[in-house]
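Architecture at a glance
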Amino acid sequence: MLFRSAKAFAVRAEGDPAWALASISTRLRAGEIADARQMAASLTPFWATATPAGQTSRFVATALRVAGGLDEPALASMLLAPFATEALGRAHAAPLAALVERYGEGFLASLLATWSGRRQQWSAPGTTRAEWLASVPALCEALHARGASGTAAALVFAQDSARCLRAAVTQALAVRAPSRRNQALGELAEPLAAVLHS
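Because the structure is a prediction, the values reported are computed rather than measured.

Counting 55 residues, the largest nonpolar core has Ile-24, Leu-43, Leu-70, Leu-80 and Phe-157 as the members making the most contacts within it. With seven residues, helix α10 (residues 148–173) is the largest single contributor of residues to this core.

What follows is about the packing of helix α7 (residues 105–117) against α10. Relative to each other, α7 and α10 sit at 30°, their axes nearing to 10 Å. Our classification of the angle between α7 and α10 gives roughly parallel. For α7 against α10, the interelement crossing comes out right-handed. Across the interface between the two elements, Glu-105, Leu-108, Ala-109, Leu-112 and Ser-116 from α7 touch Ala-152, Ala-153, Val-156, Phe-157, Asp-160, Arg-163 and Cys-164 from α10. Residue composition of the contact of α7 with α10, by class: eight nonpolar, one polar and three charged.

Our focus in this paragraph is the environment of Leu-143. If you trace the backbone, Leu-143 turns up in helix α9 (residues 136–144). Once the C-alpha coordinates of Leu-143 and Arg-90 are considered, the two residues, 53 residues apart in sequence, prove to be 7.7 Å apart. Setting aside its immediate chain neighbours within four residues, Leu-143 contacts Ala-93, Leu-96, Ala-97, Gly-150, Thr-151, Ala-153, Ala-154 and Phe-157.

According to the stated counting rule, one finds four aromatic pairs in the structure shown. Measuring from centroid to centroid gives 5.8 Å for Phe-59 and Phe-83, while their planes differ by 45°, and the two rings are tilted. On the criterion of sequence distance, the pair formed by Phe-59 in helix α4 (residues 57–69) and Phe-83 in the loop between α5 (73–80) and α6 (93–103) is long-range, its members being 24 residues apart. As far as the burial class goes, Phe-59 and Phe-83 line up, both buried. Ring geometry for Tyr-103 and Phe-107: centres 4.7 Å apart, planes at 40°, overall tilted. Overall, Tyr-103 belongs to the buried group, its relative accessible area being 15%. Overall, Phe-107 belongs to the buried group, its relative accessible area being 10%.

Calculation criteria
Residues numbered from 1 in each chain as written. Predicted model: local features only at pLDDT ≥ 70, side-chain atom pairs only at ≥ 80, totals over all residues. Heavy atoms only, no water. Core = buried A, V, L, I, M, F, W, Y, C linked by side-chain atoms within 4.5 Å. Buried < 20%, exposed > 50% of the residue type's maximum accessible area, 1.4 Å probe, protein only. Helix = DSSP H or I, 4+ residues; strand = E, 2+ residues; numbered from the N terminus. Axes fitted to C-alpha atoms, helices over the stretch in contact; angles between N-to-C directions. Parallel < 35°, antiparallel > 145°, perpendicular 65-115°, else oblique. Left-handed = near helix turned anticlockwise from the far one by under 90°. Contact = heavy atoms within 4.5 Å. Nonpolar A, V, L, I, M, F, W, Y, C, P; charged D, E, K, R; others polar. Phe/Tyr/Trp six-rings, centres within 6.5 Å; stacked < 30°, edge-to-face > 60°.

Here you go:
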């Protein structure tokens, strides 16, 4: 990419992240991996705070596919860091399994730790953490259907969900008022049953 076109790409990408992902995806499909990597690298200064036009399932799936296609773990991590686990669902099983096949289980575990460790910019609108945890079995089932890499990804999601629930239960048990403690624990019943099922 020439300097002028690289700068123009970065300027437009900051205002339209969906366009940026589509552009990088086009380069990847054309086999222009070096250009795609350069384009992705140019997103680094602002990507964590850029706001997409919408947090659609398609946008998340494109980001997952592009991250896998870059075949560069550091760029993939940067590209996916702003998202949250709550943005994921059954529809993302194929690109998630491909990520594990490309980068390994440790990559996904590290990504989930990043997503769980801080408030995210690009989570799914209207989806609470408890609601997402209740959906984990469906995601794990879809991942398992994707073969060995999908099964490995499902295990990483199940382990991360169990860790999150363990922390939530510990926090609920620390509530001093018995009625509030019971309410907090009651709200964890459905996600807990779902994660045990997964």
